[in-house]
Amino acid sequence: MAYSLFPTSRRRLLLLLLPPPLLTPSSHISSLKVPWKKDRILDAAIDRDKRYLLCSRVVREVLNEPFHRIPLRYLEKRRLRLRLPIKIRTFLSRYPNIFDLYPDRIKPNSPPVPFLKPSSSLLSFLAFDSSLRKLHENSALAKLCKLLMISRDRAISAEKLLNVKRDFGFPDDFLTSLVPNHSHILRLVGNPGEGKSFLELVSWNDSFAKSVIESRADAESELTGIRLRPNFTPRLPRGFYLKKEMREWVRDWLELPYISPYADASILHSASPEMEKRMVGVLHEVLSMTLNKRMAVPVIGKFCEEFRLSNAFGNVFTRHPGIFYVSLKGGIKTVVLREAYDERGELVDRDPLLEIKDKFVEMMTKGHMEYMERLRRKREELQRDLELMARKNAAEMNEEGEEEEEEEEEEEEEENRQRL
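If you're wondering where the values come from, they're calculated on a predicted model, not measured in any experiment.

> Please explain the pattern of salt bridges as it appears in this structure.
Once their charged atoms are close, side chains differing in charge can pair, the charge on each being opposite to the other. Taken as a whole and judged by the stated rule, the model has 28 salt bridges. Across the pair R78 and E65 runs a salt bridge, and its minimum N-O distance is 2.9 Å. Of this pair, R78 sits in the loop between α4 (72-77) and α5 (88-94) while E65 sits in the loop between α3 (50-63) and β1 (70-71), placing them 13 residues apart in sequence.

Rendered as structure tokens:
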């Protein structure tokens, strides 16, 4: 099954084109160390999504409940699992337009307790989310096919794909909605959640078997009229310098032929620089397909077997700092594709599905502005109350002072009368 879906002519052509060094470990992968350097701009790009990710986790928790309803106290008990640093009531007050609170009974004879349900704003957002995903269904299909075409056996565990559905922008129910609609391309074997299940590629599509690197080279060749060979374009951050030995190794490594992630890699030696070039190509292509052009390193590690990655694949990220950046934000290693971000930390080529995130953030911002406006009004009311109390106290003190003066005057008059 491993290569039944890979065109035989393509495999033979690759064997003829690859020079002998690719078949043997003629030159080993560099053991030179590259120091890790913090990139504040890319770290900030990850940090900007912190509130969005936090809020979306809470929303998903509610939407996963039957009828999208949940008792408030149940959600409060899951706060630690959701990694929410504030109480649920505090969260609801900061984003008042996401959920509606209403009384309901957990059991028929139990007293009413506060329940949560999606607000009209959230329902409107969900409708927008559904329509946009349907509009870009072909893009999700292409990504699924590409991931399967990169994989060793043209098949990937359904559970693993479900774990990365948000990274690539797949619908939550893509296994039951997207896959059955394209049975001529994809096939689900087994039932997810009931033992092992896999998503398989039924037919190979040559139009999908072109990487971002190859497409870029073709576009530049068409623009300049000069045939350019596909290759990576490392871009070291400002103030980052490689030692001479490492610069020479990278230069020689870049001179090696580019190996498409969709090509048969079984002939490459696992310890060869050519295999590393193929591995970098795979990682580059996978990251290019993600919505934010970044992914958690441990999550990528789950696909080592499918993508023919070595157990030490993480070293590739630090050995090629001009292509990748490993962020430590949030206590987890996240690899970022450098070329995908500009000097301000903004994505150069935004995936159309990121409009869903923008819409959600817009809803969050609107709710938070309501919260801030409510706080401002409370402060103003408190200030007015304090000023009123101060004026009242001042008036009372003045009255007391006047009474004391009158008493003193009466005492003086009485003393004067007594002297007379």
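> Can you walk me through the sheet that holds strand β7 (residues 294-296) in this structure?
Either a parallel or an antiparallel arrangement is found when strands of a sheet pair, and the pairing is made through backbone hydrogen bonds. Taken in spatial order, the three strands make up an open sheet running β7-β9-β8, and their pairing is antiparallel. The sheet is open, and its two edges are formed by β7 and β8 (324-327), each paired on a single side. Shown here is a sheet whose adjacent strand axes are inclined to one another by a mean of 20°, direction ignored. Examined bridge by bridge, β7 and strand β9 (residues 334-337) share three bridges and lie antiparallel to one another. The partner of M295 across the bridge, within β9, is V335. In the packing of helix α2 (residues 40-47) onto the sheet, the strands contacted are β7, β8 and β9, and the crossing angle to β8 comes to about 60°.

> What exactly am I supposed to notice about the environment of G322 here?
In this fold, G322 is placed in the loop between α15 (314-319) and β8. Owing to a relative accessible area of 7%, G322 belongs among the buried residues under this scheme. Along the sequence, G322 and L236 sit 86 residues apart, while their C-alpha atoms lie 4.3 Å from each other. The residues contacting G322, other than those within four sequence positions of it, are T233, P234, R235, L236 and R338.

> How should the packing of aromatic side chains be read in this particular structure?
Here a ring pair, both rings aromatic, is described through the centre-centre distance and the interplanar angle of the planes. In total, this model carries 13 aromatic pairs according to the counting rule given. Aromatic side chains F91 and Y95 sit 5.4 Å apart centroid to centroid with 50° between the ring planes, which places their arrangement in the tilted category. Taken individually, F91 and Y95 each receive the classification buried, so the pair is uniform in this respect. Seen in terms of ring centroids, F303 and F307 are 5.5 Å apart; in terms of plane orientation they differ by 15°. Their pairing is stacked. The class of F303 is buried, set by a relative accessible area of 5%. Accessibility expressed as a relative area gives 5% for F307, which makes it buried.

> Whenever I open this one, the side chain of D43 confuses me. Can you help?
Within the secondary structure layout, D43 lies in helix α2. Exposure remark for D43: the relative accessible area of 4% places this residue in the buried category.

> Can you help me understand the side chain of D342 in this one?
Topologically, D342 is positioned in the loop between β9 and α16 (354-419). Of the residues examined, D342 reaches a relative accessible area of 19% and is grouped as buried. Separated by 2.8 Å, the side chain of D342 and the backbone nitrogen of E346 make a polar contact.

> Would you mind going over the packing of helix α7 (residues 137-150) against helix α12 (residues 273-289) with me for this structure?
Describing two packed helices takes the angle between their axes plus the distance from one axis to the other. Packing of α7 against α12 brings their axes to within 11 Å, and their N-to-C directions diverge by 165°. With respect to each other, α7 and α12 are oriented roughly antiparallel. For the pair α7 and α12, the crossing hand works out as left-handed. Residues K143, K146, L147 and I150 of α7 lie in contact with α12, whose contacting residues are R278, V282, E285, V286 and M289. Taken together, the residues that form the contact of α7 with α12 break down as five nonpolar, no polar and four charged.

> Just to check I follow, could you spell out the sheet that holds β1 for this structure?
Strand order in the open sheet made by the three strands is β1-β3-β2, with antiparallel pairing throughout. Edge positions in the open sheet fall to β1 and β2 (99-104), since each of these has one partner strand only. Sheet analysis places β1 next to strand β3 (residues 113-118), joined by two bridges and oriented antiparallel. Bridge pairing in β3 links I70 to L116.

> Can you walk me through the nonpolar core in this structure?
Soluble, globular proteins show a tendency: their nonpolar side chains are buried together. Formed by 98 residues in total, the largest nonpolar core has its most connected members in F99, L186 and F324. In this view, F99 contacts V58, V59, V62, F91, L92, L116, K117, P118, S119 and L122; residues no more than four positions away in its chain are not counted.

> Looking at this structure, I do not really get the confidence of the model for the protein. What am I missing?
Any segment with low pLDDT has predicted coordinates that should not be analysed in fine detail. Per-residue confidence for the protein averages 87 on the pLDDT scale, and 87% of its residues sit at or above 70. Segment residues 1-28: pLDDT under 50, and 49 contacts once partners within four positions in sequence are set aside and those in other chains are kept.

> I would appreciate a short explanation of the environment of R73 in the present structure.
Locating R73 in the fold gives a position in helix α4. Judged by relative accessible area, which is 47%, R73 ranks as partly exposed. Expressed as a C-alpha distance, the spacing of R73 and I88, which sit 15 residues apart in the sequence, is 8.7 Å. Setting aside its immediate chain neighbours within four residues, R73 contacts I106 and V113.

> Which parts of the structure should I look at to understand α12?
Note: α-helices contain 3.6 residues per turn, so residues at a spacing of three or four share the same orientation. Here α12 contains 17 residues, and its C-alpha end-to-end distance of 24 Å stays within 8% of the 24 Å for a straight helix at 1.5 Å per residue. α12 sits mainly inside the fold: 17 of its 17 residues count as buried.

Parameters and conventions
- Residues numbered from 1 in each chain as written.
- Predicted model: local features only at pLDDT ≥ 70, side-chain atom pairs only at ≥ 80, totals over all residues.
- Heavy atoms only, no water.
- Salt bridge = Lys/Arg side-chain N within 4 Å of Asp/Glu carboxyl O.
- Helix = DSSP H or I, 4+ residues; strand = E, 2+ residues; numbered from the N terminus.
- Pairing = 2+ DSSP bridges.
- Axes fitted to C-alpha atoms, helices over the stretch in contact; angles between N-to-C directions.
- Contact = heavy atoms within 4.5 Å.
- Buried < 20%, exposed > 50% of the residue type's maximum accessible area, 1.4 Å probe, protein only.
- Phe/Tyr/Trp six-rings, centres within 6.5 Å; stacked < 30°, edge-to-face > 60°.
- Polar contact = N/O pair within 3.5 Å; in protein donor to acceptor, adjacent residues only side chain to side chain.
- Parallel < 35°, antiparallel > 145°, perpendicular 65-115°, else oblique.
- Left-handed = near helix turned anticlockwise from the far one by under 90°.
- Nonpolar A, V, L, I, M, F, W, Y, C, P; charged D, E, K, R; others polar.
- Core = buried A, V, L, I, M, F, W, Y, C linked by side-chain atoms within 4.5 Å.
- pLDDT = per-residue confidence, 0-100.
- Expected span 1.5 Å × (residues − 1).

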